[in-house]
Amino acid sequence: MAEKMATRQAYGKFLKELAVTNKNAVVMDADLSGSTMTKEFKAVAPERFFNAGIAEQNLYAMAAGLAHSGKVVFASTFAMFAAGRAFEIIRNSIAYTKANVKVCATHAGLTVGEDGASHQAIEDLALMRSIPGMVVVNPADGASAMALLKAVAEMNGPAYVRLGRAAVEPIYEDDVQVEIGKGIVAKEGKDATIIATGIMVGEAMKAADMLAKEGLDVRVIDMHTIKPLDEEIIIKAAEETGAIVTAEEHTVIGGLGSAVAEVVAQNCPVKMKIVGVQDTFGESGKPGELLAKYGLTAEDLCAAVKALK
Amino acid sequence: MNIDPADPQKADRDKFILSKGHAAPVQYAAMAERGFFPKEELLSLRKLGSRLQGHPSMKMLPGIEMSTGSLGQGVAVAVGMAIANKLDGKDGRVYTLLGDGEIQEGLVWEAAMAAAHYKLDNLCAIVDWNGLQIDGKNEDVMNVKPIDEKFKAFGWNVIEIDGHNMPEIVEAFDRARACKGRPTLILAKTHKGYGVSFMEDNAGWHGKAPGDDQAKQAVEELGGEW
Ligand SMILES: Cc1ncc(C[n+]2csc(CCOP(=O)(O)OP(=O)(O)O)c2C)c(N)n1
Ligand SMILES: [Mg+2]
C-alpha cells in the first residue's frame, strides 16, 4: 500500500515530473507556492514558473493568455481564492474560451482546519461544476491524485482539480489506473451504495466495514470526477442496491449530492441521503474535530445508510 | 481610538478593520489589553469553539468590525464604512491595516480609487511595509514599489514613518486626522518578527508557531517574562 499523504503532496510530486517531461508546461501561483506545492516545479524549471503575487484574478487571466499562446498551464492557489475569488475569470477567460488551463486548487474543504471559515472552500465543486464544459475532479488519495493529474495534463482544455491540505490514508496502490469521468467501484455491495468524493472515500470505506459487521453489504463508489459525471455507474447502483448515500467535504447544495440526485431523479428514482456540510459556514478547529462536528465521519455515513434501510 | 469595550457597538465610535486578517493574534492581544475580553481567553486561539478564530470573525467576537482573512477585501469594506459615516454625519474615523503583499490585489487599488473619489478624509489606511510575504521578498514575488508614489497618484495623502517608533506613529495619526479632503495612507516601514533575533526579516516565520524553547527565547528577547 502507498503511504499516507495529502493530495497536494501528490501534486508536488506530479509537478516535479512534469517540469522534466513537458517543456511546454508552465506553472503559476499566487504567493502560496510552498503550500500548494508548486514550489516543486519552480525548483526544477524556475524559468517556466510565474508568481502572480497575491492577485488571483490576474493569476487566472494571465494563465488564459499563456494557454491561448500554446502553453499548458497549471495555476494554483487555495480553493477559496481560485474557485471563489477568480470564479468569473475562470468562467469567462478560461472555460468559455476553452483555454488549456488546469486550475489546481489546494486547501479545499473544512480540513483546512485552524484558518477557519474564511479559508474553508465548501462551495467550490458547485461553482466549478456549474460552468459549461469544465472538467471537475476531486481525488481521494495520493495515488489517485497522481493518476488524475496525469490524465488532466493529457486532455486539452480547462479542468478544476480539488486538492486537500491534510494527509489522508491511502486507498489505492501507487499504480492505480483512473479515467476521467469513470467512477471506481472501490467496494462491491448489494444492499445500498455510498457514492463518495475526495477525502470522504476513506470515510465511506470505513463505514462500509462497520456496516458489514451489522450485516449490511454496502457498495462504495469513488466519484473522483464530478464532471463529466459517470451516470452509468450511478444508475446501475440505484437499480442494483436501491438506496444511495452521497458523501462530500462540501456543502450539500450543488456538489456531488446534487449532481447524483439530478441523475437519480431523472433516471431511476430511489431513496437518497446527501451527506455534506449543511447550509452553514465552517470555523477554526483541527481537521478531525471539524469533520466530526459537521457530520462528515464514517459514523455519520452509517447512520445515513441505516436511515434508508 | 474612540472605542468602548463595554459598548462595542456605540454609534459614534472609530472603527478598525484588519485587512491583513492573518495577523488576528496581534489584534486579539490588543483587544484583550484594552479590555474587550479576559487575557486568559487568548489561549483559546484557533481552537474549536473559540471566539478567537484563525481569522477575525465579527459574528463571534464583539469589537471585531469586519470578518477578514481574504486579502484585499477589508480595505474596500473600510471605504464603505467611511462613506456611511459621511452620509450619517458621524464623526467616527475608519482605520484599516494592510500588508505590503496584500496590496498586490487589484481590489486594493479599486478601493484606493474610490476612497479618493469620495474624498474620504475620515479614512486612514496603514500599510505594514515589512518587505516580505509568504513566498519571500515582495520584490522577488511581485514588486510593489514605489508604494508611496502609487498612493499619491491615486489621490491619497501619504505619510511615511518608522513603524516601530511610537512617537512617529502617534504623530502620523494626528496628521492624518488633520488632513482634509482626501484619505491618508501611513506607510509604516517595519521588520517582520521585529525584536526576535531568529525571526526578524525571515519570511519562513510568516505562519509558523514557535516551539516552547523558541517562544521562551522570543519573549525574553522582547523584554517579557516567560
Ligand atoms: C485573497 C487571498 N489570497 C491569499 C491569501 C493567503 N495569504 C495569507 S497571508 C499571505 C501573505 C501576506 O503578505 P503581506 O500582505 O505582506 O502580509 P504580512 O507580511 O504583513 O504578514 C497570503 C498570500 C489570503 N489570505 N487571501
Ligand atoms: Mg508583508
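Our subject in this report is the structure included herewith. (Residues numbered from 1 in each chain as written. Chains lettered and ligands numbered in written order. Predicted model: local features only at pLDDT ≥ 70, side-chain atom pairs only at ≥ 80, totals over all residues. Heavy atoms only, no water.)

Looking at empty space enclosed by the protein
All names here are of chain A.
- Within this structure, the stated rule accounts for two cavities of 30 Å³ or more.
- Space inside the largest cavity adds up to approximately 60 Å³.
- T7, A108, N138, P139, R162, L163, G164, G198, I199 and E249 are the residues that line the largest cavity.
- Of the residues contributing to the lining of the largest cavity, the split by class is four nonpolar, four polar and two charged.
- No fewer than three residues from each of domain 1 (7-162) and domain 2 (184-308) sit in the lining of the largest cavity.
- Taken as a whole, the second largest cavity spans an internal volume of roughly 40 Å³. (1 Å grid on protein atoms, 1.4 Å probe; cavity = no way out; pocket = protein on both sides within 12 Å on 5 of 7 lines; lining within 4 Å. Points joined across faces, edges and corners; volume = space filled by probe spheres on them. Nonpolar A, V, L, I, M, F, W, Y, C, P; charged D, E, K, R; others polar. Domains from an automatic or database assignment.)

A word on the packing of aromatic side chains
Residue and element names in this part refer to chain B.
- Enumeration according to the criterion identifies seven aromatic pairs over all chains in this entry.
- Ring geometry for F151 against W156: centres 5.3 Å apart, planes inclined by 75°, an arrangement best described as edge-to-face. Take F151 and W156: they sit in the same class, and that class is buried.
- Cation over ring: K208 sits above W205, and NZ or CZ is 4.7 Å from the ring centre. (Phe/Tyr/Trp six-rings, centres within 6.5 Å; stacked < 30°, edge-to-face > 60°. Buried < 20%, exposed > 50% of the residue type's maximum accessible area, 1.4 Å probe, protein only. Lys NZ or Arg CZ within 6 Å of the ring centre and 35° of its normal.)

Some points on the sheet that holds strand β1 (residues 15-18) of chain B
Residues and elements named next belong to chain B.
- Spatially, five strands are ordered β1-β2-β3-β7-β6 in an open sheet, and the strand pairing comes out parallel. Edge positions in the sheet fall to β1 and β6 (157-162), since each of these pairs with one other strand and no more. If you compare each strand with its neighbour and ignore which way they point, the axes differ by 20° on average.
- Across four bridges, the pairing between β1 and strand β2 (residues 94-99) is parallel. Paired with K15 across the bridge in β2 is V94.
- Packed onto the sheet, helix α6 (residues 166-178) meets β2, β3 (123-129), β6 and β7 (184-189) and runs at close to 170° relative to β6. (Pairing = 2+ DSSP bridges. Helix = DSSP H or I, 4+ residues; strand = E, 2+ residues; numbered from the N terminus. Axes fitted to C-alpha atoms, helices over the stretch in contact; angles between N-to-C directions. Contact = heavy atoms within 4.5 Å.)

The values are spatial; any link to function lies outside them.
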